[in-house]
Amino acid sequence: MGRIGDFSATQDGSNFTWKRELVLYAVQNGDGLALKSTEYRMPYEEHPDFKAPENPDAKIWRYMNLAKFLSMLEGQSLYFSRLDVLAEKDPYEGLYTNLNARALDLKYADLPKEAWEQRGIDSEETWAQIRDLEEKSRGFVKVQRQMSFANSWCVSEHESAAMWPLYIEGSEGIAVQSTYNHLVECIKKYDEFNIFIGKIRYMDYNTEVIPVGQLLLPLITKRKSFEHEIELRALIWTLQHGKN
């Protein structure tokens, strides 16, 4: 079990692959993106919505089949999947909650008094402005799944038997174990894209809302039915590359 070193990235269709190179530059090729040698390095950026584990040396695990493990070793690389591809398995990936959607159907007179006080809604005009913002935000988060890429780990002191069948078919599989600090120190050495790392927030999508206007929050939030994954996510979010 070795510690993975420094990585650069290439985009192939819907995924990013981080490869070991010292320096990079970007070349746009249709919907693809290739990063090659230059004097730039890729950044790790702290963000208030991305919470680190309480223990910076917390163990993190990544489960994969043997073919992906051998590919990782051969390419000395980490794999980042585009969120709209992940949404094929979880249609709520990167979106606001059901309660966010239902709130848009309410009229000003139907709003609970708590909403007036908490959000400063004091007139029908104010509510109309807020609804307009929420509708635009909901539309944008669907688009931003095409410009967001995730590399996910499980935060756990021990190997998880429940994770094996989720990511591995058959009997041949590998669990790669590292630490939160090792992952951060690895990614800190680059500054081409913004990379955020934090624990996934788990919410009840029928009774809780994601604050509108904080566009990164949907990318770090999932339904409670995924809570067993205890996911740590490294996220690339870029307006400069991809399908946008």
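Structure: above.
The structure reproduced in this document is the subject of the present report. (Residues numbered from 1 in each chain as written. Predicted model: local features only at pLDDT ≥ 70, side-chain atom pairs only at ≥ 80, totals over all residues. Heavy atoms only, no water.)

## Points about the overall build of the protein chain
- If you tally the helices and strands in the protein chain, you get seven helices and 12 strands.
- Relative to its full complement of 244 residues, the protein chain shows a buried share of 44%.
- Within the protein chain, contacts between residues separated by at least 24 positions form 73% of all contacts whose residues are at least 6 apart in sequence.
- Approximately 13,200 Å² of the protein chain is accessible, and the part contributed by carbon and sulfur atoms is 50%. (Helix = DSSP H or I, 4+ residues; strand = E, 2+ residues; numbered from the N terminus. Buried < 20%, exposed > 50% of the residue type's maximum accessible area, 1.4 Å probe, protein only. Contact = heavy atoms within 4.5 Å. Areas by Shrake-Rupley, 256 points an atom, 1.4 Å probe, with all protein chains shown as cover.)

## What about the nonpolar core?
- Trp153, Leu183, Ile187, Ile197 and Leu232 are the most contacted members of the largest nonpolar core, which totals 22 residues.
- Those elements giving two or more residues to this core turn out to be strand 5 (59–65), helix 1 (66–75), strand 6 (78–82), strand 7 (148–155), helix 7 (180–187), strand 9 (195–199) and strand 12 (231–237).
- Ranked by residues supplied to this core, first place goes to helix 7 with four residues.
- Leaving out residues up to four positions away in the same chain, Leu183 has contacts with Ile60, Leu78, Trp153, Ile197 and Leu232. (Core = buried A, V, L, I, M, F, W, Y, C linked by side-chain atoms within 4.5 Å.)

## Some words on the layout of surface pockets
- Here the largest pocket is characterised by a volume of approximately 1,200 Å³.
- For the largest pocket, the lining is made up of 38 residues, of which Arg62, Lys68, Ser81, Leu86 and Tyr167 are closest to its centre.
- At the level of elements, strand 2 (15–19), strand 5, helix 1, strand 6, helix 2 (83–86), strand 7, helix 6 (164–167) and strand 12 are the ones that each hand at least two residues to the lining of the largest pocket.
- Partitioning the lining of the largest pocket into residue classes produces 17 nonpolar, nine polar and 12 charged. (1 Å grid on protein atoms, 1.4 Å probe; cavity = no way out; pocket = protein on both sides within 12 Å on 5 of 7 lines; lining within 4 Å. Points joined across faces, edges and corners; volume = space filled by probe spheres on them. Nonpolar A, V, L, I, M, F, W, Y, C, P; charged D, E, K, R; others polar.)

## What about the pairing of strand 6?
- Of all five residues in strand 6, four are buried; the element is thus mostly enclosed.
- Across two bridges, the pairing between strand 6 and strand 7 is antiparallel. Bridge pairing in strand 7 places Ser81 opposite Ala150. (Pairing = 2+ DSSP bridges.)

## Section: the environment of Ile187
- Locating Ile187 in the fold gives a position in helix 7.
- The class of Ile187 is buried, set by a relative accessible area of 6%.
- C-alpha separation for the pair Ile187 and Glu45, spaced 142 residues apart in sequence, amounts to 9.4 Å.

## Some words on the environment of Gly173
- Looking at where Gly173 falls in the secondary structure, it is placed in strand 8 (residues 173–179).
- For Gly173, a relative accessible area of 27% gives the class partly exposed.
- The sequence separation of Gly173 and Met64 amounts to 109 residues, and the corresponding C-alpha distance is 5.8 Å.
- In contact with Gly173, other than residues within four places in its own chain, are Met64, Asn65, Leu66, Trp164 and Ile168.

## Examining the packing of aromatic side chains
- Under the defined criterion, the tally for this structure stands at four aromatic pairs.
- Between Tyr92 and Tyr205, the aromatic rings sit 5.7 Å apart at their centres with planes inclined by 90°, giving edge-to-face as the arrangement. Note that Tyr92 is positioned in the loop between helix 2 and helix 3 (98–103) and Tyr205 in the loop between strand 10 (201–203) and strand 11 (221–223), a separation of 113 residues in sequence.
- Overall, Tyr205 belongs to the buried group, its relative accessible area being 3%.
- An aromatic cluster is built from Trp61, Tyr63 and Trp164, whose rings are joined through pairwise contacts. (Phe/Tyr/Trp six-rings, centres within 6.5 Å; stacked < 30°, edge-to-face > 60°.)

## With respect to helix 1
- N-capping of helix 1 is provided by Asn65, with a side-chain oxygen placed 3.2 Å from the backbone N of Ala67.
- Gln76 lies just past helix 1 and shows a positive phi near 45°. (Polar contact = N/O pair within 3.5 Å; in protein donor to acceptor, adjacent residues only side chain to side chain.)

## Comments concerning the pattern of salt bridges
- Under the criterion given, the structure shown has nine salt bridges.
- For Asp90, the salt bridge goes to Arg223, with nearest N and O atoms at 2.7 Å. Here the residue Asp90 occupies a position in the loop between helix 2 and helix 3, and Arg223 occupies one in strand 11, the gap between them amounting to 133 residues.
- Take Asp90: its relative accessible area is 4%, and that puts it in the buried class.
- One salt bridge connects Glu231 with Lys222, and the closest N-O pair in it is separated by 3.3 Å.
- Residue classification places Glu231 among the buried residues on the basis of a relative accessible area of 5%. (Salt bridge = Lys/Arg side-chain N within 4 Å of Asp/Glu carboxyl O.)

## Considering the side chain of Asp90
- Here Arg223 takes part through its side chain, which lies 2.7 Å from a polar atom of the side chain of Asp90.
- If near-sequence neighbours (up to four positions away) are discounted, Asp90 is found in contact with Lys222, Arg223 and Phe226.

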